[in-house]
Amino acid sequence: MVDLKGQYEQIKEQVNSSVLDVINSTAFINGPEVHSFQKELEEYLDVKHVIPCANGTDALQIAMMGLGLEPGDEVITADFTFAATVEVIALLRLTPVLVDVEPDSFNIDPAAIKKAITPKTKAIVPVHLFGQSANMDEIMAIAKEHDLYVIEDNAQGIGANYKFTNGNVAKTGAIGHVASTSFFPSKNLGCYGDGGAIFTNDDELAHIIRGVVNHGMYKRYHHDVVGVNSRLDSIQAAVLRTKLPNLDTYNNTRRAAARKYNKAFEGIQNIITPQVKGNNCDTDSTTICDTCDCHVFHQYTLKITNGKRDELAQHLNDKGIPCGVYYPIPLHSQKAYVDDRYNEADFPITNQLVKEVISLPMHTELDDEQIDFITRTIIDFVNS
Ligand SMILES: *Cc1c(COP(=O)(O)O)cnc(C)c1O
């Protein structure tokens, strides 16, 4: 699905020397590399505060701890996402409220958010799924109206732009009250181990969070709040500093690959290519435009509409073509998250997507020959 080795080969000398520098410095924890990476990422995202931490799941949990959410508070998030999003809500004894997504963008449906709001609702967690921003115009408006926090799960969207209806553009993760991201190796900006970060433009919240990640300490050995231990290693920061200047190029390369996939699947029955929408782009929804970074294709995900998705996945496996089903089970049906409040009729889109979606190899080293082989194999199978 990803070619981390091929990407490493391109930046090998730089990565090796910066990692060796960290080892020679022995500043393994909170070294200057971490601080420099934090500053560089703040500048890239145009966000006031980046707080590095150990992984993307921690980042979400810490964001919620920083906001002071309390047991019983309801947090609305998407039914169609990676489990980390709902897991941390449940871990903090908050009440996850899962809602359906949009059929075209796969992102949380603002109309479903509105329906799920109760007097106990405190926050909304939009996930910028597969690299495309959720509808932040509407989500921010709903949050404002009901006085809710917006916590962006930007683990899959780093580098993506969101274009507001008024024409303003912001990077995903710099829009809500607070955001989280992951530097897991296969993410668009991945390190060589675990890593994550929290972003916010709120000075006070940033201060609180800096204490939360460090055992609740604001002054050495004074523990004012219950915190956690969550740090980004200096070695990982050194890798990330090498890769951050390439992020836009990496994302452009992904978009170029997505465009080639789209072209190959054009007009093919039973295959629906990813829709680029909800970003107020000037182009129509099936075009991946060159001018804005509104989709960074963390995943390139097709819908197979003839009921043969699982057979296709098996066929691709047999042919040695990697593929993935993200995600095969709606979160509301997962044993850990079942809740009497849910009604199957409220999840028509997620219930259908889990049967139709399949993600194809997507990374920075895909070449035309590979794309050609992958697309021909799929088209031959789907139409046989
Ligand atoms: C990867 C991911 C996470 C978790 O990140 P980790 O670094 O693996 O903890 C959270 N949310 C989403 C949507 C993700 O894709």
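Below is a short write-up of the structure. Because the structure is predicted, anything quoted here is derived from the model rather than measured. Throughout, residues of each chain are indexed from 1 in the direction in which the sequence is written. Per-residue local features are limited, in this predicted model, to residues with pLDDT of at least 70; the limit for side-chain atom pairs, both in listing and counting, is 80 or more; totals at the level of whole chains, interfaces and linings are taken over all residues. Computation of side-chain values: all heavy atoms of the structure, hydrogens and water removed.

Description of the nonpolar core
Part 1 of the argument: Note on terminology: a nonpolar core comprises buried Ala, Val, Leu, Ile, Met, Phe, Trp, Tyr and Cys residues joined through side-chain atoms within 4.5 Å. For every residue, the accessible area obtained with a 1.4 Å probe (protein chains only) is divided by the maximum for its type, and the residue is called buried under 20%, exposed over 50%, and partly exposed between those limits. Grouped together as the largest cluster of nonpolar side chains are 31 residues, with contacts concentrated most on Ile76, Phe80, Val99, Ile108, Ile113, Met136 and Ile139.
Part 2 of the argument: Secondary structure counts use DSSP, requiring at least four H or I residues in a row for a helix and at least two E residues in a row for a strand, with both numbered from the N terminus. For this core, the elements supplying multiple residues, two or more each, are β2 (74-78), β3 (95-99), α5 (110-116), α6 (136-146) and α11 (348-356).
Part 3 of the argument: It is α6 that provides the largest number of residues to this core, a total of 4 residues.
Part 4 of the argument: Here a residue-residue contact requires only that any non-hydrogen atoms of the pair lie within 4.5 Å. Look past the residues within four positions of Ile113 in its chain and what remains in contact with it is Ile76, Val99, Ile108, Ile124, Ile139 and Ile142.
Part 5 of the argument: Ranked by size, the runner-up nonpolar core spans 28 residues in total, among them Tyr300, Leu312, Ile358 and Met362.

Quick notes on helix α3 (residues 56-66)
Part 1 of the argument: Most of α3 is tucked away: 9 of the 11 residues are buried.
Part 2 of the argument: Every buried residue belonging to α3 is among Gly56, Asp58, Ala59, Leu60, Gln61, Ile62, Ala63, Met64 and Gly66, and all of these are buried.
Part 3 of the argument: At the N-terminal boundary of α3, the capping side chain belongs to Asn55, with an oxygen 3.0 Å from the backbone nitrogen of Thr57.
Part 4 of the argument: Of the residues flanking the end of α3, it is Gly68, one or two places downstream, whose phi is positive at about 75°. What qualifies as a polar contact is a pair of N or O atoms within 3.5 Å, subject to a donor-acceptor requirement within protein and to the restriction that residues adjacent in sequence count only when both atoms come from side chains.

A short note on the packing of helix α1 (residues 4-25) against helix α8 (residues 234-243)
Part 1 of the argument: Here an angle of 0 to 180 degrees is reported between the N-to-C directions of two axes, which are lines fitted to C-alpha atoms, with helices fitted over the stretch in contact. Their axes nearest at 9 Å, the elements α1 and α8 cross at an angle of 140°. In terms of axis orientation, α1 runs oblique to α8. Judged by the sense of rotation from one axis to the other, the crossing of α1 with α8 is right-handed. Of α8, the residues touching α1 (which contributes Gln7, Ile11, Gln14, Val15, Ser18, Val19, Val22 and Ile23) are Ser234, Ile235, Ala238, Val239, Thr242 and Lys243.
Part 2 of the argument: Three classes are used: nonpolar for Ala, Val, Leu, Ile, Met, Phe, Trp, Tyr, Cys and Pro, charged for Asp, Glu, Lys and Arg, and polar for all others, with Gly counted as polar. Taken together, the residues that form the contact of α1 with α8 break down as 8 nonpolar, 5 polar and 1 charged. For classification purposes, angles smaller than 35 degrees are called roughly parallel, those larger than 145 roughly antiparallel, those between 65 and 115 roughly perpendicular, and all remaining angles oblique. Should the near helix be turned counterclockwise from the far one by less than a right angle, the crossing is left-handed, whereas a clockwise turn marks it as right-handed.

Observations regarding the sheet that holds strand β9 (residues 196-200)
Part 1 of the argument: Spatial ordering of the open sheet is given by β1-β9-β8-β5-β4-β2-β3, a layout of 7 strands whose pairing is mixed. Only two strands of the sheet have a single partner each, and these edge strands are β1 (49-53) and β3. Strand-to-strand twist in this sheet, taken as the mean axis angle between neighbours without regard to direction, amounts to 25°.
Part 2 of the argument: DSSP calls a pair of strands paired once it identifies at least 2 bridges connecting them. Pairing of β1 with β9 involves 5 bridges; the strand directions are antiparallel. Note that in β9 the partner of Val50 across the bridge is Phe199.
Part 3 of the argument: Strand contacts of helix α7 (residues 203-212): β1, β8 (178-182) and β9, with the helix running at about 15° to β1, the strand carrying the most contacts.

Details of the packing of α3 against α7
Part 1 of the argument: Their axes nearest at 9 Å, the elements α3 and α7 cross at an angle of 120°. Classified by the interaxial angle, the pair formed by α3 and α7 is oblique. In this structure, the crossing between α3 and α7 has a hand that is right-handed. In contact with Ile62, Ala63, Met65 and Gly66 of α3, α7 contributes Leu205, Ile208, Ile209 and Val212.
Part 2 of the argument: Residues that form the contact of α3 with α7 fall into these classes: 7 nonpolar, 1 polar and no charged.

Focus: the side chain of Asp153
Part 1 of the argument: Inspection of the secondary structure assignment puts Asp153 in strand β5 (residues 149-153).
Part 2 of the argument: Counted as positive: Lys and Arg. Counted as negative: Asp and Glu, with His and the chain ends omitted from the count. Salt bridges are identified by distance alone: a Lys or Arg side-chain nitrogen within 4 Å of an Asp or Glu carboxyl oxygen. For the buried Asp153, no salt bridge is present, and the opposite-charge side chain at shortest range is Lys187, 6.8 Å distant.
Part 3 of the argument: A polar side-chain atom of Asp153 sits 3.1 Å from a polar atom in the side chain of Thr85.
Part 4 of the argument: Apart from the residues within four sequence positions on either side, Asp153 is in contact with Leu60, Thr85, Val125, Pro126, Val127, His128 and Ser180.

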